[in-house]
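Below are the chains, spelled out letter by letter.
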Amino acid sequence: MFADNVLLVTIVAAFLIAVLIGPLFIPVLRRLKFGQAIREEGPQSHQKKAGTPTMGGTIILLALIFTVLKFANATIEVLFLMLVTIGYGLIGFLDDYIKIIKKRNLGLTAKQKFAGQILLAIGAYYLLHLMGHDTSLHLPGTPWNIELGVLYFPFLLFLLVGTTNAVNITDGLDGLLAGTGAIAFGAYAIIAWFSQNYDTAIFSASVVGAVLGFLVFNAHPARVFMGDTGSLALGGALAGIAIMTKTELLLAIIGGVFVVETLSVILQVVSFKTRGKRIFRMSPLHHHFELTGWSEWRVVVTFWLVGIFFAGLGVYLEVVTLR
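Residues numbered from 1 in each chain as written. Predicted model: local features only at pLDDT ≥ 70, side-chain atom pairs only at ≥ 80, totals over all residues. Heavy atoms only, no water.

## Examining the layout of surface pockets
Okay, so step 1: In this model, the second largest pocket occupies a volume close to 400 Å³.
Okay, so step 2: Together, 18 residues line the second largest pocket, and Phe158, Gly162, Thr163, Ala252 and Val259 are the ones closest to its centre.
Okay, so step 3: Among the secondary structure elements, those contributing two or more residues to the lining of the second largest pocket are helix H5 (152-170), helix H9 (251-254) and helix H10 (256-275).
Okay, so step 4: For the lining of the second largest pocket, the element with the most residues is H5, which contributes 7 residues.
Okay, so step 5: The class makeup of the residues in the lining of the second largest pocket is 13 nonpolar, 4 polar and 1 charged. (1 Å grid on protein atoms, 1.4 Å probe; cavity = no way out; pocket = protein on both sides within 12 Å on 5 of 7 lines; lining within 4 Å. Points joined across faces, edges and corners; volume = space filled by probe spheres on them. Helix = DSSP H or I, 4+ residues; strand = E, 2+ residues; numbered from the N terminus. Nonpolar A, V, L, I, M, F, W, Y, C, P; charged D, E, K, R; others polar.)

## A few points about the nonpolar core
Okay, so step 1: Phe80, Leu160, Phe203, Leu234 and Ile243 are the most contacted members of the largest nonpolar core, which has 87 residues in total.
Okay, so step 2: If you tally residues by element for this core, the top one is helix H7 (residues 198-218), at 11 residues.
Okay, so step 3: Ignoring any residue separated from it by four or fewer positions in sequence, one finds Ile243 in contact with Phe80, Leu128, His133, Tyr152, Leu156, Leu159, Leu160 and Glu248. (Core = buried A, V, L, I, M, F, W, Y, C linked by side-chain atoms within 4.5 Å. Buried < 20%, exposed > 50% of the residue type's maximum accessible area, 1.4 Å probe, protein only. Contact = heavy atoms within 4.5 Å.)

## A few points about the UniProt feature "binding site: Mg(2+)" (unreviewed entry) in the protein chain
Okay, so step 1: Mapped onto the present numbering, the UniProt feature "binding site: Mg(2+)" (unreviewed entry) falls on Asn168 and Asp228. The annotated residues occupy 61 residues of the chain but converge on a single region, no pair of C-alpha atoms lying more than 6.7 Å apart.
Okay, so step 2: Summarising the element assignment, Asn168 is placed in helix H5.
Okay, so step 3: Look past the residues within four positions of Asn168 in its chain and what remains in contact with it is Asp228, Ser231 and Leu232.
Okay, so step 4: By the secondary structure assignment, Asp228 is in helix H8 (residues 227-244).
Okay, so step 5: For Asp228, a relative accessible area of 7% puts it in the buried group.
Okay, so step 6: In contact with Asp228, other than residues within four places in its own chain, are Gly92, Asp95, Asp96, Lys99, Lys113, Asn168 and Ala233. (UniProt positions renumbered as here; feature names shortened; annotations may be inferred.)

## A closer look at unusual backbone geometry
Okay, so step 1: Along the chain, His220 connects to Pro221 via a cis peptide bond; the corresponding omega equals -5°.
Okay, so step 2: For Pro221, the position within the fold is in the loop between H7 and H8.
Okay, so step 3: Note that the residue after Ser283, namely Pro284, is joined by a cis bond; omega there is 5°.
Okay, so step 4: For Pro284, the location among the structural elements is in the loop between H10 and helix H11 (285-291).

## Points about the packing of aromatic side chains
Okay, so step 1: Evaluation of the coordinates by the stated rule reveals 7 aromatic pairs.
Okay, so step 2: A centroid spacing of 5.5 Å and a plane angle of 80° characterise the contact between Trp297 and Trp304, whose relative ring orientation is edge-to-face.
Okay, so step 3: Since its relative accessible area comes to 41%, Trp297 is described here as partly exposed.
Okay, so step 4: An aromatic cluster is present here, built from Phe289, Trp294 and Phe303 joined pairwise through their rings. (Phe/Tyr/Trp six-rings, centres within 6.5 Å; stacked < 30°, edge-to-face > 60°.)

## A closer look at empty space enclosed by the protein
Okay, so step 1: As enumerated under the stated definition, the model contains 1 cavity of 30 Å³ or more in all.
Okay, so step 2: The volume enclosed by the largest cavity comes to roughly 40 Å³.
Okay, so step 3: Lining of the largest cavity is provided by Thr180, Ile183, Ala184, Ile254, Gly255, Gly256, Val257, Phe258 and Gly307.
Okay, so step 4: Listing elements by their share of the lining of the largest cavity, those giving two or more residues are helix H6 (176-194) and H10.
Okay, so step 5: Residue classes in the lining of the largest cavity are distributed as 5 nonpolar, 4 polar and no charged.

Put into C-alpha cells, the structure is as follows:
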C-alpha cells in the first residue's frame, strides 16, 4: 500500500472529491440562505461579500473522510485524528448554524465555544491515555526531550484550544486559510512520512487535497466560505497531527502564520486596554495590511509565501537535522 506515490495519489483523490462535491453543495447552501454575515467594523470592501454561502468546511470534511477511509488503515491513531477533526468541526458547524439562524456574525457565545473545545480536549486526552501516548516534548532541531508527565494534560488543553482558535482567527480573507492550511499540512505529510508514521502522513495528505479542492471555490472572489465548520476542524486536525508525530512544539514554527495572526490580536487588545492606543489599524494582522492599501489578493499571496517559509523551516528542523 505504501508505494512511493501514495501521498500524491491521496492528495489528488481528496482534491477531486472536493472539486466534485463543491458544485453540488454550494447551490444547496445558497438555496438554504446559509449566507455569511459581515462584521460592520471590518474593512468596508468586505461588505459586498455579505450573503456568500458559508459552512463550506463541510466540503473539506466530506472529502477528507472519504479519502481517509479509502487510503488509511483503521488504527487508533487515525481514530484520534478523526475525533479531533470532526469533533471541532461539529462545534464550528453549530456556531455557523446559529449565526445563520440569527442573521448576525455571532454564533455560540465565547463561553459556550470554549466549553465545547475543553470537553473535546479532555476526550482526546483520555483516548491518548488509553493509547499509552508519550508525554514528553521534543525540542525542535535538537536531540533533547522534556518529560512533562502529569503536566502533559494542561499542555494538551492549551495546544488543542490554542491551535483551533489561532487557525480560526486566520480565516478572514478569500483563500487565506485554505492556502496557508494546505502548506502547513503538506509539511506535516512530509514529516509524518519520514518518521514512518504512514497513516498520519496519509491523513495529512488527505487534508492537503481536500483544502486545495476547496480553494478552487474559495479563491478570490470566493464563491463559498469555509466558516467555523472548516477553520475549527482544520485547527483540530493540525494539533492532532502534531500530537501524533510528537512535534507539538514544532507546530509553533510550521504554523507560524497562525501564531503571528494570534499575537497581533493579543497585542492589539493589550495595547488598547493598557495604553488606550492601537498598534495595528485593525487586527488580525491581515486586516491591517488591507487597511494600509494592499489588495486582498496581495495580502493572501504574501501570507502564503510566509507560510511556505515557516513550513520549510519546520521540515528542515525535523527531517534534515539529526534527532
